[in-house]
Structure formats: C-alpha cells, structure tokens
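# Residue-level structural notes
Now for the letters of each chain:
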Amino acid sequence: MDKYFKAIIEAEIVPVVVCDLNHTIIYMNKVAIERYAKRGGEKLIGYCIKDCHNEHSNEMIEKVVEWFKKDVNNNRMFTFHKEKDNKDVYMIALRDDNGKLIGYYEKHEYRTLESVENYRGI
C-alpha cells in the first residue's frame, strides 16, 4: 500500500511537507521541493521545520501539535488564508493505526474555481 499512498501525495498539485513530532521534515512531494527550492528544496529533508519559520509561527505550530495530542479527534486546524493565492492552509494530524499522533503536515486548499477542462471534454 505504501506505493499507493506515495503516488497519491506525489499527484497533489500543492506542496506537501510531512514532519514527525520532533518537527523534522521527513518527506516532501515534488511540488514542495520545487516550491521551496530557494530555501534548499530536497535538502530540507532531515531539517527542523521550525528553522523555516519565524518565532510566532513556531509558537503556533507547537500549540497546534499540543491540541492534536489532547484528543484523537483533533486532526485538522485552519492556520491562515493567503489572499494572494486565494487559498486556505491547514495543519493535519498524522496518526498510526491506534490513533497515536506520529506527525503532521500542512495542507493547502485553493478557493479559486477550477479552470481546467472537465472530464466531459475528453
């Protein structure tokens, strides 16, 4: 199944950066590697995500992770809206089969109406 999950993440059109509970970047999809190329791209894997953020953002990351830990149902937190890109950004909890928190990732959701032709055009 792992190859299917990786294929799903690689098919995303938004950056996906996965972190463990030590805030270490353990995975970046191709879009994330390209998006963060100026900051090191793939070389960021193995580094602390907190080194990429300011003090306020790091405090918020810590607060959200603590909220994730409080309840197995605490899995999705809206973090901000980026007007320039018309997108909402969330932190998403990653849990093992027993519900134990094992990490998190940032999820981008665009509000812009899709402009690509739909399936009826094929």
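Let us look at the structure shown here.

Conventions and cut-offs
- Residues numbered from 1 in each chain as written.
- Predicted model: local features only at pLDDT ≥ 70, side-chain atom pairs only at ≥ 80, totals over all residues.
- Heavy atoms only, no water.
- Phe/Tyr/Trp six-rings, centres within 6.5 Å; stacked < 30°, edge-to-face > 60°.
- Buried < 20%, exposed > 50% of the residue type's maximum accessible area, 1.4 Å probe, protein only.
- Helix = DSSP H or I, 4+ residues; strand = E, 2+ residues; numbered from the N terminus.
- Lys, Arg positive; Asp, Glu negative; His and termini not counted.
- Salt bridge = Lys/Arg side-chain N within 4 Å of Asp/Glu carboxyl O.
- Polar contact = N/O pair within 3.5 Å; in protein donor to acceptor, adjacent residues only side chain to side chain.
- Contact = heavy atoms within 4.5 Å.
- Pairing = 2+ DSSP bridges.
- Axes fitted to C-alpha atoms, helices over the stretch in contact; angles between N-to-C directions.
- 1 Å grid on protein atoms, 1.4 Å probe; cavity = no way out; pocket = protein on both sides within 12 Å on 5 of 7 lines; lining within 4 Å.
- Points joined across faces, edges and corners; volume = space filled by probe spheres on them.
- Nonpolar A, V, L, I, M, F, W, Y, C, P; charged D, E, K, R; others polar.

## Describing the packing of aromatic side chains
The full count for this structure, using the stated rule, is two aromatic pairs. Ring centres 5.8 Å apart and planes at 45° place the aromatic pair tryptophan 67 and phenylalanine 68 in the tilted group. On the basis of relative accessible area, phenylalanine 68 is assigned to the buried category, the value being 0%. When the ring of phenylalanine 78 is compared with that of tyrosine 90, the centres are 5.6 Å apart and the planes differ by 65°; the resulting orientation is edge-to-face.

## Brief notes about the side chain of aspartate 20
Checked against the element boundaries, aspartate 20 lands in strand β1 (residues 17–20). Lysine 69 provides the closest opposite charge to the buried, salt-bridge-free aspartate 20, at an N-O distance of 10 Å. A polar atom in the side chain of aspartate 20 sits 2.9 Å from the backbone nitrogen of asparagine 22. Aspartate 20 has contacts with Ile26, Ile102, Gly103 and Tyr104, leaving out every residue within four places of it along the chain.

## Considerations on the sheet that holds β1
What the five strands build is an open sheet, ordered β2-β1-β5-β4-β3; its pairing is antiparallel. Edge positions in the sheet fall to β2 (25–28) and β3 (76–82), since each of these pairs with one other strand and no more. With direction set aside, neighbouring strand axes in the sheet form an average angle of 20°. Relative to strand β4 (residues 87–95), β3 runs antiparallel, the two sharing six bridges.

## Comments concerning the side chain of aspartate 88
The topology assignment puts aspartate 88 in strand β4. A distance of 2.9 Å separates a polar atom in the side chain of aspartate 88 from a polar atom in the side chain of arginine 111. Apart from the residues lying within four places of it in its own chain, the contact partners of aspartate 88 are Phe78, Phe80, His81, Lys107, His108, Glu109 and Arg111.

## Re the layout of surface pockets
Roughly 750 Å³ of internal volume is contained in the largest pocket. If you trace the largest pocket, you find 31 residues lining it, with Tyr36, His53, Phe80, Glu106 and His108 closest to the centre. For the lining of the largest pocket, the secondary structure elements donating two or more residues are β1, β2, α3 (55–70), β3, β4 and β5 (101–110). With five residues, the single largest contributor to the lining of the largest pocket is α3. Of the residues belonging to the lining of the largest pocket, the class tally is 19 nonpolar, five polar and seven charged.

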